[in-house]
Amino acid sequence: MVVSPRCLEQGLWYELRRVELPVVCIDARHAHAALSVRMNKSDRNDARGLAELVRVGGYREVKVKSEESQKIRAILVARSRLVSMRRDIENQVRSLIKECGLLFPRAIGQQFRNQVSELLGVDHLLLSVISPLLSIHENVCQQQGKLDNEVRRLAKLDETTRRLMTVPGVGVVTALTFRHTIDDPSRFRSASTVGAYLGLTPRRSQSGETDTNGKISRWGNRLLRTYLFEAATVLLYRTKKFFPKGLGHEARQADRHEEGKGRHRPKDRRSTVKNVDHEVC
């Protein structure tokens, strides 16, 4: 049986393997290229085309991640969403009280709620508006804390994750996300193909005499790519023992020089500060 790698097909692939049926998961782009040349578009013709594609061997098999990796990745994605929700609420509350001329330093979690409550007091005109937001913020922080504890527990039990955490700038979330996004390292022929798998290779556009190497391709898992950019930023700006004396300062000066030329950072790098790995470290 042939399935293409989409959300529903992964569960189908697991169930077919449990009953020991032969099943192949192929790249959807290869399947689309083969099926697009057929005259009549129907489910029966698509099934026949997929069967012929497998018969002649003109496909690339996709490695389906283990069920354990799928579960842990679901936890990491859910945690990332809660972090985003908590940050959005904090930014919204700051924006509302800033219009009233109230400011306070950076804070997250319980400290954020305490500072907002102290500023508003008991009779502020925005109290009825911000109180529901603070209540939701408290609930989101509690649920995020539960997932943070689960992430720490999973990282502690996995030897590979603990080894990845010895790299400067790599924390619990980054190491665990990398571990279960790659899942089986044997499916990569070399270390350089891992970067291409994550979209960390330059995009190339070539036509006639024009040959342009642009920004990164940004294929693959966006969550892991974001955490890797964050780890690289921490390595450059916060880790001192990894670089010889003065090298970190030179790297920052070079970065500022490039920004002065008008070269913009990739979008994923700008968004790394939104998912703070050290929150669970």
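Everything numeric in this text was worked out from a predicted model, so none of it was measured.

**Student:** Summarise the overall build of the protein; cite the residues concerned and give the values.
**Tutor:** A tally of helices and strands in the protein yields 12 helices and four strands. The 281 residues of the protein split such that 36% are buried. Element-wise, carbon and sulfur atoms account for 53% of the exposed surface of the protein, whose accessible area totals about 18200 Å².

**Student:** Could you give an account of the environment of Gly169, with specific residues and numbers?
**Tutor:** Mapped onto the fold, Gly169 is located in the loop between helix 7 (159-164) and helix 8 (172-182). Classification of Gly169 by relative accessible area gives partly exposed; the value is 23%. Between the alpha carbons of Gly169 and Leu228 there is a distance of 9.2 Å; along the sequence they are 59 residues apart.

**Student:** Describe the pattern of salt bridges, and please don't skip the residues or the numbers.
**Tutor:** A complete count under the given rule lists eight salt bridges for this structure. Measuring nitrogen to oxygen at the nearest pair gives 2.4 Å for the salt bridge that ties Glu67 to Arg18. Placement of the pair is Glu67 in helix 4 (residues 67-98) and Arg18 in helix 1 (residues 7-18), with a sequence separation of 49 residues. Looking at Glu67, the relative accessible area reads 43%, which means it is partly exposed. Between Arg163 and Glu159 there is a salt bridge; the shortest N-O distance is 3.1 Å.

**Student:** Could you give me a rundown of the packing of helix 8 against helix 10 (residues 222-237), with the residues and numbers involved?
**Tutor:** The contact between helix 8 and helix 10 brings their axes to 10 Å, and the two run at 140°. Overall, the two elements helix 8 and helix 10 adopt an arrangement that is oblique. In the crossing of helix 8 with helix 10, the sense of the turn from one axis to the other is left-handed. Along its contact with helix 8, which presents Val173, Thr174, Thr177, Phe178 and Thr181, the element helix 10 presents Leu224, Tyr227, Leu228 and Ala231. Class assignment for the residues of the contact of helix 8 with helix 10 results in six nonpolar, three polar and no charged.

**Student:** With reference to specific residues and values, describe the pairing of strand 3 (residues 202-207).
**Tutor:** With zero of six residues buried, strand 3 lies mostly on the surface of the structure. Bridge analysis of strand 3 against strand 4 (residues 210-216) gives five bridges, and the strand direction is antiparallel. Bridge pairing links Ser205 to Thr212 in strand 4. Where strand 3 folds back onto strand 4 in an antiparallel hairpin, the turn is made up of two residues, including Gly208, whose phi is positive at roughly 65°.

**Student:** Can you lay out the side chain of Lys65 for me, pointing to particular residues and giving the numbers?
**Tutor:** One can find Lys65 in the loop between helix 3 (43-56) and helix 4. Within the buried set, Lys65 has no salt-bridge partner at all; the shortest N-O distance to an opposite charge, 6.6 Å, is to Asp183. For Lys65, the side chain forms a polar contact with the side chain of Tyr197, separated by 3.3 Å. If we ignore the near neighbours within four places in the chain, the residues touching Lys65 are Tyr14, Gln70, Arg73, His180, Thr181, Asp183, Arg187 and Tyr197.

**Student:** I'd like a description of the environment of Leu176, backed by residues and values.
**Tutor:** Along the polypeptide, Leu176 turns up in helix 8. Looking at Leu176, the relative accessible area reads 0%, which means it is buried. Put simply, Leu176 and Leu164 are 12 residues apart on the chain and 8.5 Å apart in space, counted from C-alpha to C-alpha. Those residues in contact with Leu176, other than ones at most four positions away along the chain, are Ile72, Leu76, Val151, Leu154, Ala155 and Thr161.

Definitions and cut-offs
- Residues numbered from 1 in each chain as written.
- Predicted model: local features only at pLDDT ≥ 70, side-chain atom pairs only at ≥ 80, totals over all residues.
- Heavy atoms only, no water.
- Helix = DSSP H or I, 4+ residues; strand = E, 2+ residues; numbered from the N terminus.
- Buried < 20%, exposed > 50% of the residue type's maximum accessible area, 1.4 Å probe, protein only.
- Areas by Shrake-Rupley, 256 points an atom, 1.4 Å probe, with all protein chains shown as cover.
- Salt bridge = Lys/Arg side-chain N within 4 Å of Asp/Glu carboxyl O.
- Axes fitted to C-alpha atoms, helices over the stretch in contact; angles between N-to-C directions.
- Parallel < 35°, antiparallel > 145°, perpendicular 65-115°, else oblique.
- Left-handed = near helix turned anticlockwise from the far one by under 90°.
- Contact = heavy atoms within 4.5 Å.
- Nonpolar A, V, L, I, M, F, W, Y, C, P; charged D, E, K, R; others polar.
- Pairing = 2+ DSSP bridges.
- Lys, Arg positive; Asp, Glu negative; His and termini not counted.
- Polar contact = N/O pair within 3.5 Å; in protein donor to acceptor, adjacent residues only side chain to side chain.

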